[in-house]
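What follows is each chain in one-letter form.
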Amino acid sequence: MKRLIAFAMLCVAFSAVHAVEILRWERVPLAVSLLVDQERVILLDRSVRVGMPALLGEQLRVQSAGGALYLRASAPFDATRIQLQDIETGTLILLDVSARLPDPEQKPLEPVRVVDAGTVASSDAERDDETHRSRTQNSAPTRATPVPVVLTRYAAQSLYAPLRTVEAVPGIARVGLPRTLSLATLMPSLPVEPRALAAWKLDGYWLTAIALKNTSGSKVELDPRVLQGDFVAVTFQHADLGPAGDPTDTTVLYLVTRGHGLGESLLPAISPIDAAVNLPHSPTRSGGRDEK
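Residues numbered from 1 in each chain as written. Predicted model: local features only at pLDDT ≥ 70, side-chain atom pairs only at ≥ 80, totals over all residues. Heavy atoms only, no water.

> Which parts of the structure should I look at to understand the sheet that holds strand β7 (residues 77-86)?
Two orientations exist for strands paired in a sheet by backbone hydrogen bonds: parallel and antiparallel. One open sheet holds the four strands; their spatial order is β2-β8-β7-β4, and the pairing between them is mixed. Only two strands of the sheet have a single partner each, and these edge strands are β2 (30-35) and β4 (48-51). Sheet twist, expressed as the mean angle between neighbouring strand axes with direction ignored, is 30 degrees. Bridging between β7 and strand β8 (residues 92-100) involves seven bridges; their strand directions are antiparallel. Bridge pairing in β8 links Leu84 to Ile93. (Pairing = 2+ DSSP bridges. Helix = DSSP H or I, 4+ residues; strand = E, 2+ residues; numbered from the N terminus. Axes fitted to C-alpha atoms, helices over the stretch in contact; angles between N-to-C directions.)

> Honestly, the packing of aromatic side chains in this entry has me stumped. Any pointers?
What characterises a pair of aromatic rings is the spacing of the ring centres plus the angle enclosed by the ring planes. Applying the stated criterion across every chain yields a total of one aromatic pair. Considering the side-chain rings of Tyr154 and Trp200, the 6.2 Å spacing of their centres and the 85 degrees angle between planes classify their relative orientation as edge-to-face. Pair noted here: Tyr154 is in helix α3 (residues 147-160) and Trp200 is in strand β11 (residues 192-202), with a separation of 46 residues, a long-range link. There is no split in this pair, since Tyr154 and Trp200 are both buried. (Phe/Tyr/Trp six-rings, centres within 6.5 Å; stacked < 30°, edge-to-face > 60°. Buried < 20%, exposed > 50% of the residue type's maximum accessible area, 1.4 Å probe, protein only.)

> Can you help me understand the pairing of β7 in this one?
Regular strands place their side chains on alternate faces of the sheet. By the bridge criterion, four bridges tie β4 to β7 in an arrangement that is antiparallel. Residue pairing across strands places Arg49 opposite Gln85, the latter belonging to β7. Between β7 and β8, which pair antiparallel in sequence order, lie five residues; one of them, Gly90, sits at a positive phi of approximately 85 degrees.

> Hey, could you run me through the pattern of salt bridges in this one?
One side chain can pair with another of opposite charge once the charged atoms of both are near each other. Applying the stated criterion across every chain, the model contains seven salt bridges. Across the pair Glu21 and Arg40 runs a salt bridge whose closest N-O atoms are separated by 2.7 Å. A residue pair is termed long-range when its members are at least 10 positions apart, and Glu21 in strand β1 (residues 21-25) and Arg40 in strand β3 (residues 40-43) qualify at 19 residues. Judged by relative accessible area, which is 28%, Glu21 ranks as partly exposed. Judged by its relative accessible area of 5%, Arg40 is buried. (Salt bridge = Lys/Arg side-chain N within 4 Å of Asp/Glu carboxyl O.)

> What exactly am I supposed to notice about unusual backbone geometry here?
Most peptide bonds take the trans form, and the phi angle of most residues other than glycine is negative. Backbone geometry places Asp37, a non-glycine residue, at a positive phi of 65 degrees. Residue Asp203 is not a glycine yet carries a positive backbone phi of 50 degrees. Relative to the helices and strands, Asp203 is located in the loop between β11 and β12 (205-214).

> Would you mind showing me how to read the nonpolar core here?
In this structure, Leu34, Ile42, Leu84, Leu95 and Val114 are the most contacted members of the largest nonpolar core, which totals 23 residues. Counting only elements with at least two residues in this core, the list comes to β1, β2, β6 (68-73), β7, β8 and β9 (112-116). Those residues in contact with Leu95 that sit more than four places away from it in its chain are Leu30, Val32, Thr80, Arg81, Ile82 and Leu84. In this structure, Leu186, Leu190, Val220 and Leu222 belong to the second largest nonpolar core, which totals 19 residues. (Core = buried A, V, L, I, M, F, W, Y, C linked by side-chain atoms within 4.5 Å. Contact = heavy atoms within 4.5 Å.)

> Is there a simple way to think about the sheet that holds β6 in this case?
The sheet built from five strands is open, its strands ordered β1-β9-β3-β6-β5 with mixed pairing. Where the open sheet ends on each side, the last strands, each with one partner, are β1 and β5 (60-65). Looking at each pair of strands side by side, their axes are set apart by 20 degrees on average, direction ignored.

> What should I look at first to understand a nonpolar patch on the surface in this one?
Side chains of Leu159, Tyr160 and Leu197 sit close together on the surface and give an oily, nonpolar patch of about 240 Å² of accessible area. One can find Tyr160 in helix α3. Among the residues examined, Tyr160 registers a relative accessible area of 43% and is labelled partly exposed. (Patch = residues over 30% accessible without salt bridge, like charges linked within 9 Å, V, L, I, M, F, W, Y side chains within 5 Å. Areas by Shrake-Rupley, 256 points an atom, 1.4 Å probe, with all protein chains shown as cover.)

Structure representation (structure tokens):
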């Protein structure tokens, strides 16, 4: 009998340690409570970037690793909104986080698992298998809209629209810009200063967003035919640029390439030394007169 009681107590303790609170994301902010000086784990199964008010930085420590968030409050605070953005898809999840002092002899709070609406989390193994199968089957989805259009629309929303309104696109990913990327040969015939802003990729296509600034005192019409390079699609946010110093002197250019980033699609720049070498030989001069 003693062994049976001990075994039952062990089972209860084991289940308590592994209890997980399930929160379903249905586009309604999720309430997450913390106890001061006690870490609480938020299981997301996705890599996210965290956005929170600067005032909360001294009261809340946030660490992200392996699809999980680790929250630890150093002082009590009322419910405060923080944003979690899926790095791969751009999807937003909103948390209303609060912290209070623990009661005497209070047990630590259990971890929280955030799942999408309609997800049945019967067990960790079943959920992980289902997620893996879903990602495998959707790795190369059939899209009704051409990929360059999808990329351009997503980039324009990301740069111009509020973060919460950006439409999530499965499979899209932010990519880094090479530090050595030179845009000197992109549109040399126009008095425009180009500057790379950001880049994304999807299904073998790359999109690079370029900021264009008019450096002249006149209006500049933007024509895709002046662009130098090998591009799949070209889109200007606006059709022209106002004179330098005018609020309309800047816009964004969206360039789509296939199979590689923008750097491989630009024409190589010719250095002054190369240009001098390629010039035809001119008659030599001595003492300011032509030699005969």
